[in-house]
Amino acid sequence: MDILVAGGHGKVALRLLRLLAEQGHTARGLIRSPQHAADLEAAGAVPVLGDLENDETLDAYVRGADAVVFAAGAGPGSGPGRKRTVDLGGAVKLADAALSTGVRRYVMVSSIGADRPESAGETMRPYLLAKAEADDYVRASGLDATIVRPGSLTDEPGTGLVRVSRELGGRGPVPRDDVAAVLAYVLGAPRTAGLTFELFGGDTPIPQAVDAL
Ligand SMILES: NC(=O)c1ccc[n+]([C@@H]2O[C@H](COP(=O)([O-])OP(=O)(O)OC[C@H]3O[C@@H](n4cnc5c(N)ncnc54)[C@H](OP(=O)(O)O)[C@@H]3O)[C@@H](O)[C@H]2O)c1
């Protein structure tokens, strides 16, 4: 498959691109800084230069893909404005590009708490509102979308063991390695289209956990 990952130099995205390339896919990562290209190439991925906020459309990057993944984020150092332009706006732009270029499959890296953004503290609320709105947009788009909502991301080594749940409202950590492995598995499991699920570190092997959703 040809897969375009938006936010290609992100910590989850780079892990995902490496896995996809190892599996023989064409793994393309959308990055806004040319300085990040070498890291993608070292992971076996193809860097694609583009900007989620400043490019009017992402059609040119998405065209020809079999699937897109939204793994970008404005990050913890950013204010509410960039939650709207990246976490919401970028995700919406990616969905619009998929729709206009005939790409059916969309995998979203969302977050726990996006089911109840109003109850979050002041710092997290703008982020979770953006995530919730983006998820709603993608779900309503008619695309074959899977919404993955990980808990707190860590840089601990992955275990390949997770806990996933369609019942929302959980809490807990999950290594970025395992998030990437779940995303790679979901991309190869079209049956997961239409699902929204939370993801944590756990004790069930990824294929078994996702297949049971
Ligand atoms: N941190 C957590 O505990 C947590 C929990 C649940 C879900 N999540 C979500 O998980 C996802 C992945 O997290 P992560 O830690 O891997 O993220 P990350 O390392 O912060 O990566 C985010 C990427 O988005 C890119 N980006 C930002 N603005 C962009 C733009 N205008 N155009 C193109 N790319 C842009 C950044 O590129 P630059 O380097 O150029 O800025 C960066 O590479 C995010 O969606 C995050 O919201 C995080």
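In what follows, the structure referred to is the one given above.
Attention here is on the structure that accompanies the text. What you are looking at is a predicted structure, and each value in this text was computed from that prediction instead of being measured.

1. Side note on the site of the ligand
Thought 1: Residues in close proximity to the ligand total 25 residues, the closest being Val12, Arg32, Glu53, Ala72 and Tyr127.
Thought 2: At a separation of 2.9 Å, an oxygen atom of the ligand approaches a polar backbone atom of Lys11.
Thought 3: In this structure, Leu153 approaches the ligand through a main-chain N or O atom, which is 3.0 Å from an oxygen atom.
Thought 4: Burial of the ligand by the surrounding chains reaches 82%, relative to a free accessible area of 930 Å².

2. Looking at the layout of surface pockets
Thought 1: As a volume, the largest pocket reaches approximately 1,400 Å³.
Thought 2: Forming the walls of the largest pocket are 49 residues, and the residues nearest its centre are Gly73, Ala74, Gly75, Pro76 and Tyr127.
Thought 3: By residue number, the principal contributor to the lining of the largest pocket is helix α4 (residues 80-101), which donates five residues.

3. Points about the side chain of Arg176
Thought 1: Residue position: Arg176 is located in helix α6 (residues 176-187).
Thought 2: Arg176 gets classed as buried once you look at its relative accessible area, which sits at 14%.
Thought 3: Looking at Arg176, its side chain comes within polar contact range of the side chain of Asp155, at 2.9 Å.
Thought 4: Apart from residues no more than four positions distant in its own chain, Arg176 is found in contact with Lys11, Val12, Arg15, Leu153, Thr154 and Asp155.

4. Regarding the sheet that holds strand β4 (residues 67-70)
Thought 1: Reading across the sheet, the nine strands line up as β3-β2-β1-β4-β5-β6-β10-β8-β11 and stay open at both edges, with mixed pairing between neighbours. Strands with a single pairing partner mark the edges of an open sheet, and in this sheet they are β3 (46-49) and β11 (204-205).
Thought 2: Direction of pairing for strand β8 (residues 161-165) relative to β11: antiparallel, over a ladder of two bridges. By the bridge assignment for β11, Leu161 is matched with Pro205.
Thought 3: Where α4 meets the sheet, its contacts fall on β1 (2-6), β4 and β5 (105-109), and the angle it forms with β4 comes to roughly 175°.
Thought 4: Packed onto the sheet, helix α5 (residues 125-140) meets β4, β5, β6 (144-150) and β10 (196-201) and runs at close to 160° relative to β6.

5. Concerning the pairing of β10
Thought 1: Of all six residues in β10, five are buried, a share of seventy percent or more.
Thought 2: As paired elements, β6 and β10 share four bridges and run parallel to each other. Along β10, the bridge assignment pairs Arg149 with Glu198.
Thought 3: Where β8 lies against β10, four bridges are found, and the strand directions are antiparallel. Across the sheet, residue Val164 finds its bridge partner in β10, namely Leu199.

6. Here we look at the environment of Gly7
Thought 1: With respect to the helices and strands, Gly7 occurs in the loop between β1 and α1 (11-22).
Thought 2: Taking C-alpha positions, Gly7 is 7.1 Å from Gly73, a pair spaced 66 residues apart along the chain.
Thought 3: Setting aside residues no more than four positions away along its own chain, Gly7 makes contact with Ala13, Leu30, Ala71 and Ala72.

7. Side note on the packing of α4 against α5
Thought 1: For the pair α4 and α5, interaxial distance at closest approach is 9 Å and the crossing angle is 15°. On the basis of the axis angle, α4 is roughly parallel to α5. In terms of crossing hand, the pair formed by α4 and α5 is right-handed. Counting all contacts with α4, which are made through Pro80, Lys83, Arg84, Asp87, Leu88, Ala91, Val92, Ala95 and Asp96, the residues of α5 involved are Pro126, Tyr127, Leu129, Ala130, Lys131, Glu133, Ala134, Tyr137 and Val138.
Thought 2: Here the residues of the contact of α4 with α5 are counted per class, giving 12 nonpolar, no polar and six charged.

Cut-offs applied
- Residues numbered from 1 in each chain as written.
- Predicted model: local features only at pLDDT ≥ 70, side-chain atom pairs only at ≥ 80, totals over all residues.
- Heavy atoms only, no water.
- Near = heavy atom within 4 Å.
- Polar contact = N/O pair within 3.5 Å; in protein donor to acceptor, adjacent residues only side chain to side chain.
- Areas by Shrake-Rupley, 256 points an atom, 1.4 Å probe, with all protein chains shown as cover.
- 1 Å grid on protein atoms, 1.4 Å probe; cavity = no way out; pocket = protein on both sides within 12 Å on 5 of 7 lines; lining within 4 Å.
- Points joined across faces, edges and corners; volume = space filled by probe spheres on them.
- Helix = DSSP H or I, 4+ residues; strand = E, 2+ residues; numbered from the N terminus.
- Buried < 20%, exposed > 50% of the residue type's maximum accessible area, 1.4 Å probe, protein only.
- Contact = heavy atoms within 4.5 Å.
- Pairing = 2+ DSSP bridges.
- Axes fitted to C-alpha atoms, helices over the stretch in contact; angles between N-to-C directions.
- Parallel < 35°, antiparallel > 145°, perpendicular 65-115°, else oblique.
- Left-handed = near helix turned anticlockwise from the far one by under 90°.
- Nonpolar A, V, L, I, M, F, W, Y, C, P; charged D, E, K, R; others polar.

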